[in-house]
Protein chains: 2
Amino acid sequence: MKLATLVSGGKDSMLALHKASTEHEIVCLVGVISENPHSYMFHTYNLHLLDAISSCLHLPILKIPTKGEKETEVEDLERNLEILNVDGIVIGGIESEYQKRRFERICSKLGIELVAPLWKCDVWDMMREVVSKFETVIVSVSAMGLDERFLGKRLDENVLNELKILNEKYGLHVAGEGGEYETLVLDAPLYRKRIVIEDSKKVWQGDSGNLVVKEFRFEEKN
Amino acid sequence: MKLATLVSGGKDSMLALHKASTEHEIVCLVGVISENPHSYMFHTYNLHLLDAISSCLHLPILKIPTKGEKETEVEDLERNLEILNVDGIVIGGIESEYQKRRFERICSKLGIELVAPLWKCDVWDMMREVVSKFETVIVSVSAMGLDERFLGKRLDENVLNELKILNEKYGLHVAGEGGEYETLVLDAPLYRKRIVIEDSKKVWQGDSGNLVVKEFRFEEKN
């Protein structure tokens, strides 16, 4: 099947794309861009990174603007996915029934398939795969135990062990499915070049924060 | 017909979109993003502005990465336009036969229509329409008589008169079809909000230069 993959720039959508690509042809990325002015900085910041990922994967990206209201977002996505000539879409959802039901409804209306390669997977296996295959950094944190120190950290075995401890202590979702942390994939097997962060800034707001990537460059891979 | 419009951010594609929208439904914007590392700064800069325009028009944008080699660019465009479910594409070409032939070939292969509302139009009429309908600034100049002073200038009646003088003196194409100058449309009748440049920098290289938009914001329209 020819598929489009919904991307946020993070590890879940990238792993879903990676897995789906072994059986299907990924022809396009899709990013939903919120117009909510309150997230304007984050928004601009994301734009850069989604474009960089599109460039690394050498895949076109359909960017869908939305006003950022909960149910309108789903309608905007549905109306705009209609213009894509694909057999289905790939999502990185692991266990959010809320999200999956909405995607199922959209796909059913459009008569296309929903491919969710990470659905109900073992999160520990998944995280080990992320750590071993991708170069991923943490770009936002918003949960008990995740302090400023985590921003910009590479997701490796050590961080995975720290997340495990926080999981046991506070019940933190190790893959951050509830938004506990967000990531950016700088390199992946399908990337033709990697993203190198040249300048970034930590923005900390008491109990949560994010890493603003101010400058980056591409590095060719052999 | 449901159409996609090729956009660069400038006045030609915006006027073409404006005219096509009176008879057809524009469902998507398409931007070709060169991966040529030598134009990396310009590239990043464009990314911002195309996304801003997509947001102003509340239309999704398909961004197609290309290595930026002359003929590969056309192949990349063709392969990627195939994933769009549209009846045709709109281009802003005025008199470049080279460009139009290539678009005609692509559309013929894909079995879709080519809509070129500005083709062989009277450039003076066109420029008067641009000046009266759009808020446009000059973002790059590369021609005899176009100095640093023009960067960031709003394209109004006065600038149009200056272009007319340069046309008589040096044969400058008044619409800049040969790349003599490039523009950015900050506001248009179809924009739901306008782009306001907050901070910009003139980069001058002896006989040509461009305006780097460093920061911008959106302003709501009534």
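Not measured: the values here are computed from a predicted model.

Before going further, it helps to spend a moment on the overall build of chain A. Along the backbone of chain A there are 6 helices and 9 strands. Against the compact-globule benchmark of 17 Å for 222 residues, chain A has a radius of gyration of 17 Å, which places it among compact chains. Its C-alpha atoms give chain A principal-axis dimensions of roughly 45 × 40 × 35 Å. A burial count over chain A gives 53% of its 222 residues as buried. By element, 46% of the accessible surface of chain A is carried by carbon and sulfur atoms, the whole surface being about 10000 Å². Of the charged side chains in chain A, 28 are positive and 37 negative; the average position of the first set lies 1 Å away from that of the second.

This brings us to the sheet that holds strand 9 (residues 209-220) of chain A. Residue and element names in this part refer to chain A. Read from one edge of the open sheet, 4 strands run 7-6-9-8, paired in antiparallel fashion. Edge positions in the open sheet fall to strand 7 (181-187) and strand 8 (193-204), since each of these has one partner strand only. For this sheet, the mean angle separating the axes of adjacent strands, direction not counted, is 25°. Where strand 8 and strand 9 come together, 11 bridges link them in antiparallel fashion. If you follow I195 over to strand 9, its bridge partner there is F218.

The next subject is the sheet that holds strand 3 (residues 61-66) of chain B. Judged by pairing direction, the sheet is mixed, and its 10 strands sit side by side in the order 5(A)-4(A)-1(A)-2(A)-3(A)-3(B)-2(B)-1(B)-4(B)-5(B) without closing on themselves. With partners counted over all chains shown, the strands left at the sheet margins are strand 5 (113-115) of chain A together with strand 5 (113-115) of chain B, one partner each. Neighbour-to-neighbour, the strand axes of this sheet turn through a mean angle of 25°, independent of strand direction. Relative to strand 4 (residues 88-90) of chain A, strand 1 (residues 2-6) of chain A is paired through 3 bridges, and the arrangement is parallel. If you follow A:A4 over to strand 4 of chain A, its bridge partner there is A:I89. Contacts from helix 4 (residues 97-110) of chain A reach strand 1, strand 4 and strand 5 of chain A, with the element oriented near 150° to strand 5 of chain A.

Let's shift gears to the interface of chain A and chain B. Chain A puts 31 residues into the contact, and the matching count from chain B is 31 residues. Interface area, chain A with chain B, both sides summed: about 2500 Å², of which 58% is carbon and sulfur. One can count 2 salt bridges joining chain A with chain B. Applying the counting rule to chain A against chain B returns 8 residue pairs in polar contact (both at pLDDT 80 or more).

Moving on, we come to the domain arrangement of chain A. Residues and elements named next belong to chain A. Each assigned domain of chain A is listed with its residue range as follows: domain 1 (2-115) and domain 2 (132-220). One C-alpha centre belongs to domain 1, the other to domain 2; they are set 20 Å apart. Summed over both sides, the interface between domain 1 and domain 2 buries roughly 2100 Å², with carbon and sulfur atoms accounting for 68% of that surface. Where domain 1 packs against domain 2, one counts 0 salt bridges. At the junction of domain 1 with domain 2, the criterion picks out 9 residue pairs in polar contact (both at pLDDT 80 or more). Mapped onto the side of domain 1 that touches domain 2, the elements with two or more residues apiece are helix 1 (11-20) and helix 2 (40-57). By residue number, the principal contributor to the side of domain 1 that touches domain 2 is helix 2, which donates 9 residues. Residues that form the side of domain 1 that touches domain 2 fall into these classes: 11 nonpolar, 9 polar and 3 charged.

What follows deals with the state of the cysteines. Residue and element names in this part refer to chain A. For the structure on display, the rule yields 0 disulfides over all chains. C107 takes part in no disulfide bond, and the closest cysteine sulfur, belonging to C28, lies 14 Å away. By relative accessible area, which is 2% here, C107 ends up buried.

Glancing now at helix 6 (residues 157-170) of chain B. Residues and elements named next belong to chain B. Taking 1.5 Å per residue, 14 residues should reach 20 Å; helix 6 reaches 20 Å between its end C-alpha atoms and fits that length. Against helix 5 (123-133), strand 6 (135-141) and strand 7 (181-187) lie the buried residues of helix 6. The backbone nitrogen of N158 has a side-chain oxygen 3.2 Å away, supplied by the residue at the start of helix 6, namely D156. G171 lies just past helix 6 and shows a positive phi near 80°.

B:M14, B:M127, B:L146 and B:L163 are the most contacted members of the largest nonpolar core, which has 55 residues in total. Where this core is concerned, the elements lending two or more residues are helix 1 (11-20), strand 2 (25-34), helix 2 (40-57), helix 5, strand 6, helix 6, strand 7 and strand 9 (209-220) of chain B. A per-element tally of this core places helix 2 of chain B first, with 6 residues. Summarising the domain contributions, this core has at least three residues from each of domain 1 (2-115) and domain 2 (123-220) of chain B. Those residues within four positions of B:M14 in sequence are excluded, and the remaining contacts are B:I53, B:L57, B:F134, B:V185, B:A188 and B:Y191. Residues A:L15, A:V115, A:V123 and A:V137 belong to the second largest nonpolar core, which totals 54 residues.

Another aspect to go through is the packing of helix 5 of chain B against helix 6 of chain B. All names here are of chain B. Orientation of helix 5 relative to helix 6, taken along the N-to-C sense of each, is 155°, at an axis distance of 10 Å. With respect to their mutual orientation, helix 5 and helix 6 come out roughly antiparallel. Judged by the twist between their axes, the crossing of helix 5 over helix 6 is right-handed. Only E157, L160, L163, K164 and N167 of helix 6 make contact with helix 5, whose side of the interface consists of W124, M127, R128 and V131. Residues of the contact of helix 5 with helix 6, tallied by class, amount to 5 nonpolar, 1 polar and 3 charged.

What counts, and at which threshold
Residues numbered from 1 in each chain as written. Chains lettered and ligands numbered in written order. Predicted model: local features only at pLDDT ≥ 70, side-chain atom pairs only at ≥ 80, totals over all residues. Heavy atoms only, no water. Helix = DSSP H or I, 4+ residues; strand = E, 2+ residues; numbered from the N terminus. Rg over C-alpha atoms; globule rule 2.2 N^0.38 Å. Buried < 20%, exposed > 50% of the residue type's maximum accessible area, 1.4 Å probe, protein only. Areas by Shrake-Rupley, 256 points an atom, 1.4 Å probe, with all protein chains shown as cover. Lys, Arg positive; Asp, Glu negative; His and termini not counted. Charge placed at Lys NZ, Arg CZ, Asp CG, Glu CD. Pairing = 2+ DSSP bridges. Axes fitted to C-alpha atoms, helices over the stretch in contact; angles between N-to-C directions. Contact = heavy atoms within 4.5 Å. Buried area = accessible area lost by both parts, 1.4 Å probe. Salt bridge = Lys/Arg side-chain N within 4 Å of Asp/Glu carboxyl O. Polar contact = N/O pair within 3.5 Å; in protein donor to acceptor, adjacent residues only side chain to side chain. Domains from an automatic or database assignment. Nonpolar A, V, L, I, M, F, W, Y, C, P; charged D, E, K, R; others polar. Disulfide = S-S within 2.5 Å. Expected span 1.5 Å × (residues − 1). Core = buried A, V, L, I, M, F, W, Y, C linked by side-chain atoms within 4.5 Å. Parallel < 35°, antiparallel > 145°, perpendicular 65-115°, else oblique. Left-handed = near helix turned anticlockwise from the far one by under 90°.

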